[in-house]
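If you want the building blocks of each chain, they are given just below.
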Amino acid sequence: MKAPSHPPTVKQSPANPVKEKDNITLTCEVSGGIPLAAVSLDCGKTLSYNTDSTKASHSVYFEVSKEDNGRICNCSAMHPVAEYKPIIQHQIVVYYIPDTLLAITMIPDRIIDIGDNITLSCTVEGGNPSPTLKWDCGDDVTYNLGILGNKTTSSIHFEVDKYDNGKNCSCSAFHPISTYNHTRQHSITVYCE
């Protein structure tokens, strides 16, 4: 008897990251050993088992959902040589679009007087990875970006003058899944006496 000289490996096709609704195949395999090692792949999905004269493997094939993001699959091998019992972990990374569209809020939420300070916030919830948010509102603004839980927010803050009346500020969201990329605008009304 002879144990395999290496631990098992996990192959994923296509490789991480994958997009929601992609079909993936994960294969746990180990080569060598006399006799061949017994391998298993625990991924909480349907399994198939294959062997040939030089390696043993277990595979899973399934369509991924956002719930599969971060799923850990355990690839393990056992051999009559008792010391050979390696377990390899593999994590699935699934990209998915945010749950909501962009929303813009303004504080204070009223007609603005010249000299008032305002904050415009652009918010979106969900998504992996979090979308990138970008403001287009002219110069002299302070940008803040924050991610809290599953919410991504970008804010701008500035003091308004009479030239800001009717100004349109836009916030754009960019995500690796391009079907989500879009822009929203917010118009500022400044009360001028």
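What you are looking at is a predicted structure, and each value in this text was computed from that prediction instead of being measured.

**Focus on the confidence of the model for the protein chain**
For step 1, the next point in the chain: Scored by pLDDT, the protein chain comes out at a mean of 89, with 92% of its residues at no less than 70.
For step 2, the next point in the chain: Within the protein chain, strand β8 (residues 87-91) carries the highest mean pLDDT (97), whereas strand β5 (residues 47-51) carries the lowest (59).

**Observations regarding the sheet that holds β8**
For step 1, the next point in the chain: Read across the sheet, three strands follow the order β4-β7-β8 without closing on themselves; strand pairing throughout is antiparallel. Sheet topology places β4 (38-42) and β8 at the edges, where each strand pairs with a single neighbour. The sheet shows a mean angle of 15° between the axes of neighbouring strands, direction not considered.
For step 2, the next point in the chain: Relative to strand β7 (residues 72-78), β4 runs antiparallel, the two sharing five bridges. Looking at the pairing, Ala38 lines up with Met78 of β7.

**Points about the state of the cysteines**
For step 1, the next point in the chain: Scanning all chains against the criterion turns up four disulfides.
For step 2, the next point in the chain: Disulfide pairing is shown between Cys122 and Cys171; the S-S distance is 2.1 Å. Negative torsions about the S-S bond denote left-handed disulfides, and the value of about -90° found for Cys122 with Cys171 makes this one left-handed. On the criterion of sequence distance, the pair formed by Cys122 in strand β12 (residues 117-128) and Cys171 in strand β16 (residues 168-174) is long-range, its members being 49 residues apart.
For step 3, the next point in the chain: Cys122 sits in the buried class, given a relative accessible area of 0%.
For step 4, the next point in the chain: With relative accessibility at 0%, the residue Cys171 sits in the buried group.
For step 5, the next point in the chain: With a sulfur-sulfur separation of 1.7 Å, Cys137 is cross-linked through a disulfide to Cys169. Pair noted here: Cys137 is in the loop between β13 (132-136) and β14 (142-148) and Cys169 is in strand β16, with a separation of 32 residues, a long-range link.
For step 6, the next point in the chain: The connectivity of the disulfide bonds within the protein chain can be written as 1-4, 2-3, 5-8, 6-7, using the sequence rank of each bonded cysteine.

Definitions and limits used
- Residues numbered from 1 in each chain as written.
- Predicted model: local features only at pLDDT ≥ 70, side-chain atom pairs only at ≥ 80, totals over all residues.
- Heavy atoms only, no water.
- pLDDT = per-residue confidence, 0-100.
- Helix = DSSP H or I, 4+ residues; strand = E, 2+ residues; numbered from the N terminus.
- Pairing = 2+ DSSP bridges.
- Axes fitted to C-alpha atoms, helices over the stretch in contact; angles between N-to-C directions.
- Disulfide = S-S within 2.5 Å.
- Buried < 20%, exposed > 50% of the residue type's maximum accessible area, 1.4 Å probe, protein only.

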